[in-house]
Structure formats: structure tokens, C-alpha cells
Amino acid sequence: MAAYIIAQVNVTDWDSYNEYIKVTPDIISKYEGRFIVRGGETVTLEGPEQKWRIVVVEFPDLAKAKEFYHSPEYADAKKIRAGAAEAQFIAVSGVE
């Protein structure tokens, strides 16, 4: 069953964050992931206004999503993101 990583990101340094954006697609692809949402326009329909960047990545299953997140390649990418953004990442299983 497909699984998703949902990230909410508050970018504080776009120059550094853009370097992170450059390296993540290949890593995500290596772990069979694909972007569903990558920071497009957001409109808050209910609740507090969402001001952070939203990213959704689909993986074949939850195990693959966790494998990506804990991979050595992504650990290196997170070092690039450090200091450029604060983020929350959540992994969730989809429905059949």
C-alpha cells in the first residue's frame, strides 16, 4: 500500500534551501518515491492560516518511506537544510 511523507517547511534562508531542493529529487527517486506536491500555492480553507511550504512525496509503502528518510544520502541532504529551514516530516500509510 502506498505511503506518503508530508512535510511542512518554514524556509528561513532560500539560498541554502535551494541547494537542498537540488539534491533531494535524485535521493527520493532512488527510494522509489515521487513528488505529489512540492511547494505550490496553498489556500487555507479551515483552521489557522498555513504559511509554511508543503511537500508530499509518495512511496510504494511505509517501509520504503522510512528507508528513504533514514538513508545516508538523505542524512547528507538534511545537513544542507539545517539552518536554512525548520520542518516537520510525517510518514503515513495510504488507503487501499
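Residues numbered from 1 in each chain as written. Predicted model: local features only at pLDDT ≥ 70, side-chain atom pairs only at ≥ 80, totals over all residues. Heavy atoms only, no water.

**Digging into helix α1 (residues 14-30)**
Right, so step 1: For α1, with 17 residues, the first-to-last C-alpha span of 25 Å sits near the 24 Å given by 1.5 Å per residue.
Right, so step 2: Along α1, the sharpest change in direction is near 30 degrees and occurs at Thr24; proline Pro25 comes one to four residues later.
Right, so step 3: In this structure Asp13 caps α1, since a side-chain oxygen of it lies 3.2 Å from the backbone nitrogen of Asp15.
Right, so step 4: Phi turns positive, to about 65 degrees, at Glu32, one or two residues after α1. (Helix = DSSP H or I, 4+ residues; strand = E, 2+ residues; numbered from the N terminus. Expected span 1.5 Å × (residues − 1). Bend = angle between axes of the 7 residues up to and from the residue. Polar contact = N/O pair within 3.5 Å; in protein donor to acceptor, adjacent residues only side chain to side chain.)

**Points about a nonpolar patch on the surface**
Right, so step 1: A cluster of nonpolar side chains, namely Ile6, Ile90 and Val92, defines an oily patch on the protein surface of about 200 Å² accessible area.
Right, so step 2: Along the chain, Ile6 falls in strand β1 (residues 3-11). (Patch = residues over 30% accessible without salt bridge, like charges linked within 9 Å, V, L, I, M, F, W, Y side chains within 5 Å. Areas by Shrake-Rupley, 256 points an atom, 1.4 Å probe, with all protein chains shown as cover. Salt bridge = Lys/Arg side-chain N within 4 Å of Asp/Glu carboxyl O.)

**Some words on the nonpolar core**
Right, so step 1: Grouped together as the largest cluster of nonpolar side chains are 19 residues, with contacts concentrated most on Val9, Tyr17, Ile27, Phe59, Phe68 and Tyr74.
Right, so step 2: Counting residues per element, this core draws most heavily on α1, which supplies five residues.
Right, so step 3: Aside from chain neighbours lying at most four places away, what touches Ile27 is Phe68, Ser71, Glu73, Tyr74 and Ala77. (Core = buried A, V, L, I, M, F, W, Y, C linked by side-chain atoms within 4.5 Å. Buried < 20%, exposed > 50% of the residue type's maximum accessible area, 1.4 Å probe, protein only. Contact = heavy atoms within 4.5 Å.)

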